[in-house]
Amino acid sequence: MTARSFIPSLVMSLSLLALPAAADDASSGSGLALGVRAAYGIPVGDAVEDTALSDTFGKTVAPQVDLSYFFGRQLSLGAYFQYGVATGPDRCNEEIDCSSHVLRFGVDLDYHFAPDAFVAPWVGVGVGYESGSVEVGEDGELVKLTLRGWDLGHAHFGVDFQLTRSIAVGPYVSASLGQYSEMKASVFAGAEVTNDIPSEQKALHLWIQPGVRVQFRL
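This structure is a prediction, so every number in the text was calculated from the model and none was measured.

**Q** I'm lost on the overall build of the protein chain in this one. Help?
**A** Along its length, the protein chain carries 1 helix and 10 strands. The linear arrangement of helices and strands in the protein chain, starting from the amino end, is α-β-β-β-β-β-β-β-β-β-β. Sorting the 218 residues of the protein chain into buried and exposed places 35% on the buried side. Here the analysis covers contacts within the protein chain between residues at least 6 apart in sequence; of these, 67% occur between residues at least 24 apart.

**Q** Where do I start with the environment of Trp207 in this structure?
**A** The residue Trp207 is located in strand S10 (residues 204-217) in this model. Expressed as a C-alpha distance, the spacing of Trp207 and His154, which sit 53 residues apart in the sequence, is 9.1 Å. Residue contacts for Trp207: discarding those within four places in its chain leaves Gly41, Ile42, Pro43, Leu53, Gly58, Thr60, Val102, Glu130, Ser174, Ala175, Ser176 and Tyr180. Only 3.0 Å separates the side chain of Trp207 from the side chain of Glu130, close enough to count as a polar contact.

**Q** How do you make sense of the pattern of salt bridges when you look at a structure like this?
**A** When charged atoms on two side chains of opposite charge get close, those side chains can pair. Scanning the entire structure with this criterion turns up 8 salt bridges. Between Arg37 and Asp66 there is a salt bridge, with the nearest N and O atoms lying 2.9 Å from each other. Note that Arg37 is positioned in strand S1 (residues 31-48) and Asp66 in strand S3 (residues 60-70), a separation of 29 residues in sequence. By relative accessible area, Arg37 is classed as buried at 5%. For Lys184, the salt bridge identified is with Glu192, shortest N-O distance 3.8 Å.

**Q** Sorry, what's going on with the environment of Gly35 here?
**A** In this fold, Gly35 is placed in strand S1. According to the relative accessible area criterion, Gly35 is buried, its value standing at 0%. Residues Gly35 and Val169 lie 134 residues apart in sequence; the distance between their C-alpha atoms is 9.5 Å. With near-sequence residues (within four places) excluded, Gly35 lies in contact with Gln64, Val65, Asp66, Val214 and Gln215.

**Q** Help me understand the confidence of the model for the protein chain in this model?
**A** Predicted coordinates in regions of low pLDDT should not be interpreted in detail. When the pLDDT values of the protein chain are averaged, the result is 86; 83% of them are 70 or greater. Note that pLDDT drops below 50 for residues 21-26; the model gives that stretch 1 contact with residues more than four away or on any other chain.

**Q** In this structure, what is going on with the packing of aromatic side chains? I would like to understand it.
**A** Aromatic ring pairs are described here by two measures, namely the spacing of the ring centres and the angle between the planes. In total, this model carries 7 aromatic pairs according to the counting rule given. Aromatic side chains Phe105 and Tyr129 sit 5.9 Å apart centroid to centroid with 40 degrees between the ring planes, which places their arrangement in the tilted category. Here the residue Phe105 occupies a position in strand S5 (residues 98-112), and Tyr129 occupies one in strand S6 (residues 119-136), the gap between them amounting to 24 residues. What makes Tyr129 partly exposed here is its relative accessible area of 22%. Look at Tyr111 and Phe113: their rings are 5.3 Å apart centre to centre, the planes differ by 80 degrees, and that puts the pair in the edge-to-face class. Residue classification places Tyr111 among the partly exposed positions, given a relative accessible area of 34%. Of the residues examined, Phe113 reaches a relative accessible area of 46% and is grouped as partly exposed. Members of the aromatic cluster, each reached through a chain of ring pairs, are Phe105, Tyr129 and Trp150.

**Q** Can you walk me through the side chain of Arg104 in this structure?
**A** Mapped onto the secondary structure, Arg104 falls in strand S5. Overall, Arg104 belongs to the buried group, its relative accessible area being 5%. In this structure the side chain of Arg104 is engaged in a polar contact, spanning 2.9 Å, whose partner is the side chain of Asp151. Not counting residues within four places of it along the chain, the set of residues in contact with Arg104 comprises Tyr80, Phe81, Gln82, Tyr129, Glu130, Asp151, His154, Ser176 and Gln209.

So, how was this worked out
Residues numbered from 1 in each chain as written. Predicted model: local features only at pLDDT ≥ 70, side-chain atom pairs only at ≥ 80, totals over all residues. Heavy atoms only, no water. Helix = DSSP H or I, 4+ residues; strand = E, 2+ residues; numbered from the N terminus. Buried < 20%, exposed > 50% of the residue type's maximum accessible area, 1.4 Å probe, protein only. Contact = heavy atoms within 4.5 Å. Polar contact = N/O pair within 3.5 Å; in protein donor to acceptor, adjacent residues only side chain to side chain. Salt bridge = Lys/Arg side-chain N within 4 Å of Asp/Glu carboxyl O. pLDDT = per-residue confidence, 0-100. Phe/Tyr/Trp six-rings, centres within 6.5 Å; stacked < 30°, edge-to-face > 60°.

Rendered as C-alpha cells:
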C-alpha cells in the first residue's frame, strides 16, 4: 500500500473509531440547561426584630431564570436570578401608595431521580443573596427602605413531566431561609442612609414558593 492510499485509509479508520465515543458523549446527558420559572412567594417570619416580613414586602409573584450544567443525566449545578414583584405591606390600601420587590440570586445543586422517565422527581439545595425594597407614599412624601442579606440556605422539590428528551415541565415548591444584615433608608426625598443591622435586631425569615418550571436541555 502506498503512502498516498494509506493516509486516507488511516483517517477513515480513526473516524469510525471516534463515532462510538461521540455517541457515548451525547448519551451521557452532560450539557447546559435553561430553566424558566413562575412562583408565588409567601413570607414567613420577621424581616427584623418585631417586624413581620409580610408587613415589610408582602407576598410576591416571582419569575425566575436559571442556567445549569448537567454532569450527567442526574446531577446539575447552576445559577439562578429571581425578580419578585410584591404586594407591599399588609396595611397598604387605596389611600396609601405602596410598591415593593424582592430580588434573589445564587447557586443550586439539583439531583434528578429518574431523568429518562416521563414522570421525573427531583430535589435540590442552594445558597444565595437577597435584596428587598419597599416604597410607601408619593413624590415629596416618599419613604424608601431596602434590606439586604444572605439566603442562608434553601431547598426545593419538584416533579418534571418529560415532554421530550430536551423539554420538561412541572410543579415545584421551594423554601429559603434568610437573614437581612444591611438596611438603606431615605425619608421624604432626603439623603439615603445605609447601616448594618445590629445583631440584636436581626431576625430569620422564610420564603415559601410554590411554582412551575419549564426546563430546556441545550
